[in-house]
Amino acid sequence: MPPKKTQPKYRQIADYLREGILNGTFPAGQPLPSEEVLAKQFQVTRPTVRQGLTELRASGLVEAIMGRGTFVRSPHNRPSLTRPRGVRRTVDGRYVEADGIRWTDDDSATVTRTDAPLALADLLRIPPGEPMFTHDALQTADQGRLRQLHRTYVPFSVLADTSYDAEPLPPAPELYGVLAELGHELTFTEHVRPRMPLPDQAQALRLPEGVPLLHILRLTTNQTGKPLALEEFHLPGEDLEVSYPL
C-alpha cells in the first residue's frame, strides 16, 4: 500500500484553526493566535500561515481587521446596518425607497437595449429575447461608505403605444411615478437570496474575500398582475440585514 500523502502545512494550519473555531477553543469575536505564534507552532514561515488563514477567510469563518489581526466571525452578532425594504409613496405623490437613503449613480451608469434571457423573461412573462431598456449603475451613499449595484429592466412591450415607446424610462424609483402616470396601480414583490459575488461585483462593492452578497429581485406588477419592470440589487452581505414589514 502506498504511503499516505502528508497534507501541506498551510492546510494543516487551516484544519487546526477550523476545528478550534467549531469546538469553541477560539470563541467568536476573539482573535486567532498571531501569525508569529502559528509560524513557531507549526515550524513554518509566515507566508505559509497566511495561506492557511486565506482558506478560513474564503469559507467565511474569520475576518482580518487591519492593524489588529484575524478574528473569528460570530454568527450571532447584530449587523451594524439594517436596511428597511420596500417602496412608499410620499404625500406629494412621489415613490421613494423605504430605507430613505439618498443614492447617487457613479459615472459609469449606462442605459442600454438588452434582450431578455430565459430566467428574466420567465419572471416578466415575456418571450425570451424580447428587447428591454436596461439601466445599470453602481450607487453610493454616505460619502461612499454604502454601496450597491442596481439594475432596472423595462420590456419594450410595456411601453408600446405610449409616449415612451421610443425612449428609455428613468430608473426606479422615478420609474414608478411614470408607470403610475400611464394608468398602472403598482404592486411590488421582492425575492432575496445570498450568493457569492462574481469578481467584478466583489471589486465594485469592495467585498473582502469570503463575504457573500445579497441578491434581491424586485418585480413591479399592475392591478391585473401584469409584470411591468424588474429591478436587480446586489448588496454587501457582510454586516447588513434587510427588514420587511408584514
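One can find the structure itself at the top, above this paragraph.
The structure displayed is predicted, hence computed values, not measured ones.

> Can you lay out the overall build of the protein for me, pointing to particular residues and giving the numbers?
Along the backbone of the protein there are seven helices and 13 strands. Against the 2.2 N^0.38 benchmark of 18 Å for 246 residues, the protein shows a C-alpha radius of gyration of 23 Å, more extended than a compact globule. Considered along the principal axes of its C-alpha atoms, the protein spans approximately 75 × 45 × 35 Å. When each of the 246 residues of the protein is scored for burial, the buried share is 39%. For the protein, the share of sequence-separated contacts (at least 6 apart) that also reach a separation of at least 24 residues comes to 56%. In the structure as shown, the protein presents an accessible area of about 14300 Å², 53% of it carried by carbon and sulfur atoms. With 28 positive and 31 negative side-chain charges, the protein shows a separation of 10 Å between the mean positions of the two kinds.

> Please give an account of the pattern of salt bridges that cites residues and values.
Overall, the coordinates contain 16 salt bridges when judged by the stated rule. Linking Arg18 and Asp15 is a salt bridge whose minimum nitrogen-to-oxygen distance equals 2.8 Å. Of this pair, Arg18 and Asp15 both sit in helix α1 (residues 9-22), three residues apart, roughly one helical turn. Residue class for Arg18 comes out partly exposed when judged on its relative accessible area of 24%. For Asp15, a relative accessible area of 27% puts it in the partly exposed group. Between Glu231 and Arg218 there is a salt bridge, with its nearest N and O atoms 3.4 Å apart. Separated by 13 residues along the polypeptide, Glu231 in strand β12 (residues 227-236) and Arg218 in strand β11 (residues 213-221) bring together distant segments of the chain. You'll find Glu231 and Arg218 in the same group, each marked buried. One network of salt bridges, with partners in common, ties together Arg85, Glu97, Glu190, Arg218 and Glu231.

> Go over the packing of α1 against helix α3 (residues 46-58), please, and point to the residues and values.
Look at α1 against α3: their axes get within 8 Å of each other, and the N-to-C directions meet at 50°. Viewed along their axes, α1 and α3 adopt a mutual orientation that is oblique. When you trace α1 past α3, the crossing you get is right-handed. Between α1 and α3, the contacting residues are Lys9, Tyr10, Arg11, Ile13, Ala14, Leu17, Arg18 and Ile21 on the first element and Thr48, Val49, Gln51, Gly52, Leu53, Glu55 and Leu56 on the second. Within the contact of α1 with α3, the residues separate by chemical class into eight nonpolar, three polar and four charged.

> Tell me about the environment of Pro155, residues and numbers included.
By the secondary structure assignment, Pro155 is in strand β9 (residues 146-155). Here Pro155 falls in the buried class, since its relative accessible area comes to 1%. The spacing of Pro155 and Arg113 is 42 residues in sequence and 9.6 Å in space, taken between C-alpha atoms. If near-sequence neighbours (up to four positions away) are discounted, Pro155 is found in contact with Leu124, Ile126, Glu130, Pro131, Met132 and Leu228.

> Please give an account of the packing of aromatic side chains that cites residues and values.
Taken as a whole, this structure holds six aromatic pairs when the rule is applied. Where Tyr16 meets Phe26, the ring centres are 6.0 Å apart and the plane angle is 75°; that geometry is what we call edge-to-face. Within this pair, whereas Tyr16 is found in helix α1, its partner Phe26 is found in the loop between α1 and α2 (35-42), the two being separated by ten residues in sequence. Under the relative-accessibility criterion, Tyr16 is labelled partly exposed at 33%. Take Phe26: its relative accessible area is 10%, and that puts it in the buried class. Put simply, the rings of Tyr16, Phe26 and Phe42 touch in pairs and so form one group of aromatic residues. Seen from the ring of Phe233, Arg85 lies directly overhead, with NZ or CZ sitting 4.6 Å from the centre.

> A description of the environment of Pro84 should follow, citing residues and the corresponding values.
On the secondary structure map, Pro84 appears in strand β3 (residues 81-84). Judged by relative accessible area, Pro84 falls into the partly exposed class, the value being 35%. Among residues more than four places away in sequence, those in contact with Pro84 are Ala98, Asp99 and Ser243.

> Give a description of unusual backbone geometry that names residues and reports values.
With an omega of 5°, the peptide bond running from Ala172 to Pro173 counts as cis. Even without being glycine, Gln43 reaches a positive phi, approximately 55°. Relative to the elements of secondary structure, Gln43 occurs in the loop between α2 and α3. When its relative accessible area of 73% is taken as the criterion, Gln43 is described as exposed. For Gln143, which is not a glycine, the phi torsion comes out positive at approximately 55°. Mapped onto the elements of the fold, Gln143 is located in the loop between β8 (131-141) and β9. On the accessibility criterion, Gln143 (85% relative accessible area) is exposed.

Parameters and conventions
Residues numbered from 1 in each chain as written. Predicted model: local features only at pLDDT ≥ 70, side-chain atom pairs only at ≥ 80, totals over all residues. Heavy atoms only, no water. Helix = DSSP H or I, 4+ residues; strand = E, 2+ residues; numbered from the N terminus. Rg over C-alpha atoms; globule rule 2.2 N^0.38 Å. Buried < 20%, exposed > 50% of the residue type's maximum accessible area, 1.4 Å probe, protein only. Contact = heavy atoms within 4.5 Å. Areas by Shrake-Rupley, 256 points an atom, 1.4 Å probe, with all protein chains shown as cover. Lys, Arg positive; Asp, Glu negative; His and termini not counted. Charge placed at Lys NZ, Arg CZ, Asp CG, Glu CD. Salt bridge = Lys/Arg side-chain N within 4 Å of Asp/Glu carboxyl O. Axes fitted to C-alpha atoms, helices over the stretch in contact; angles between N-to-C directions. Parallel < 35°, antiparallel > 145°, perpendicular 65-115°, else oblique. Left-handed = near helix turned anticlockwise from the far one by under 90°. Nonpolar A, V, L, I, M, F, W, Y, C, P; charged D, E, K, R; others polar. Phe/Tyr/Trp six-rings, centres within 6.5 Å; stacked < 30°, edge-to-face > 60°. Lys NZ or Arg CZ within 6 Å of the ring centre and 35° of its normal.

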